[in-house]
Amino acid sequence: KNQVEQSPQSLIILEGKNCTLQCNYTVSPFSNLRWYKQDTGRGPVSLTIMTFSENTKSNGRYTATLDADTKQSSLHITASQLSDSASYICVVSATSNNLFFGTGTRLTVIP
Amino acid sequence: KAGVTQTPRYLIKTRGQQVTLSCSPISGHRSVSWYQQTPGQGLQFLFEYFSETQRNKGNFPGRFSGRQFSNSRSEMNVSTLELGDSALYLCASSIRQAPGSYNEQFFGPGTRLTVL
């Protein structure tokens, strides 16, 4: 069964600290994996898109990694800011054109 | 370039009523997808339209329907509303069909539907 699981469900960190969010998937055949950031009351915004051959991709303080062998991805946030408080959603695309969504990690950055 | 717009932003309806939501994609984008987002279930795919044709459909009952116009604008309709239909409905547009390909989707702000 094609699934995407994210952990932790929620996370609270101090401003300036780093954190890592996890995404494990069983989607096959795999096409690409995306991380989205969703602020409260707004639509998701794409952070990174990675294909099978890409191991790491950065977008400012956000760095995503992908291990296609173990079917795991992580999103690392460096030097967190209050504006990083949001939900982070992992989305995996199958080559069948279907999308599979994780339920997200709710990150709260406190001063 | 203007982003994806959705109207209305907020809507309150009662059980049994029907509702129509609208989505205007980014100029030049021909694919529009609709999603339902609830706290417990996360994002769930409803359907995708490309060139006025439904290309993909999620696992939702027939009460949920949509259409796309020649200018790529799309509408989603939910008939006989149920309490469980309360959710944030998101629309996303992309240049081409097939979100499974390396084809970025851009989301609108969503329509918050509350069914009483």
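Scroll up for the structure.
Draft legend 1. Highlighting the overall build of chain B. Across its full length, chain B holds zero helices and 11 strands. Overall, chain B shows an N-to-C arrangement of helices and strands of β-β-β-β-β-β-β-β-β-β-β. For a compact globule of 116 residues, the expected C-alpha radius of gyration is about 13 Å, and chain B comes in at 13 Å, within 12% of that figure. Along the longest, intermediate and shortest principal axes, the C-alpha atoms of chain B span 40 × 25 × 25 Å. Across the 116 residues in chain B, those meeting the buried criterion constitute 51%. Across chain B, 12 positive and 6 negative side-chain charges occur, with their mean positions spaced 3 Å apart.

Draft legend 2. Structural view of the overall build of chain A. When helices and strands are tallied, chain A shows zero helices and 11 strands. Helices and strands appear in chain A in the N-to-C order β-β-β-β-β-β-β-β-β-β-β. Over its C-alpha atoms chain A spans a radius of gyration of 13 Å, differing by no more than 12% from the 13 Å that the globule rule assigns to 111 residues. Dimensions of chain A, computed from the C-alpha atoms along their principal axes, are close to 45 × 25 × 20 Å. Expressed as a percentage of its 111 residues, the buried residues of chain A come to 46%. Taking contacts inside chain A between residues at least 6 apart in sequence as the whole, the part at least 24 apart equals 55%. Of the roughly 5,200 Å² of accessible surface on chain A, 48% is carried by carbon and sulfur atoms.

Draft legend 3. Seen up close, the state of the cysteines. All names here are of chain A. Per the counting criterion, the structure on display carries two disulfides over all chains. The disulfide that involves Cys 23 links it to Cys 90, with 2.0 Å between the sulfurs. Across the S-S bond of Cys 23 and Cys 90 the torsion is about -65°, and the bridge reads as left-handed. Taken together, the residues span a long stretch of sequence, with Cys 23 in strand β3 (residues 19–25) and Cys 90 in strand β9 (residues 86–94) at a distance of 67 residues. With respect to class, Cys 23 is no different from Cys 90; both count as buried. Of the cysteine sulfurs around Cys 19, a residue in no disulfide, the closest is that of Cys 23, at 15 Å.

Draft legend 4. Representation of the interface of chain B and chain A. With 20 residues of chain B at the interface, the matching set in chain A holds 22 residues. Of the roughly 1,600 Å² buried between chain B and chain A on both sides combined, carbon and sulfur atoms contribute 54%. Our enumeration of links across chain B and chain A arrives at zero salt bridges. Our count for the chain B to chain A interface comes out at two residue pairs in polar contact (both at pLDDT 80 or more).

Reading guide: rules and limits
- Residues numbered from 1 in each chain as written.
- Chains lettered and ligands numbered in written order.
- Predicted model: local features only at pLDDT ≥ 70, side-chain atom pairs only at ≥ 80, totals over all residues.
- Heavy atoms only, no water.
- Helix = DSSP H or I, 4+ residues; strand = E, 2+ residues; numbered from the N terminus.
- Rg over C-alpha atoms; globule rule 2.2 N^0.38 Å.
- Buried < 20%, exposed > 50% of the residue type's maximum accessible area, 1.4 Å probe, protein only.
- Lys, Arg positive; Asp, Glu negative; His and termini not counted.
- Charge placed at Lys NZ, Arg CZ, Asp CG, Glu CD.
- Contact = heavy atoms within 4.5 Å.
- Areas by Shrake-Rupley, 256 points an atom, 1.4 Å probe, with all protein chains shown as cover.
- Disulfide = S-S within 2.5 Å.
- Buried area = accessible area lost by both parts, 1.4 Å probe.
- Salt bridge = Lys/Arg side-chain N within 4 Å of Asp/Glu carboxyl O.
- Polar contact = N/O pair within 3.5 Å; in protein donor to acceptor, adjacent residues only side chain to side chain.

The values are spatial; any link to function lies outside them.
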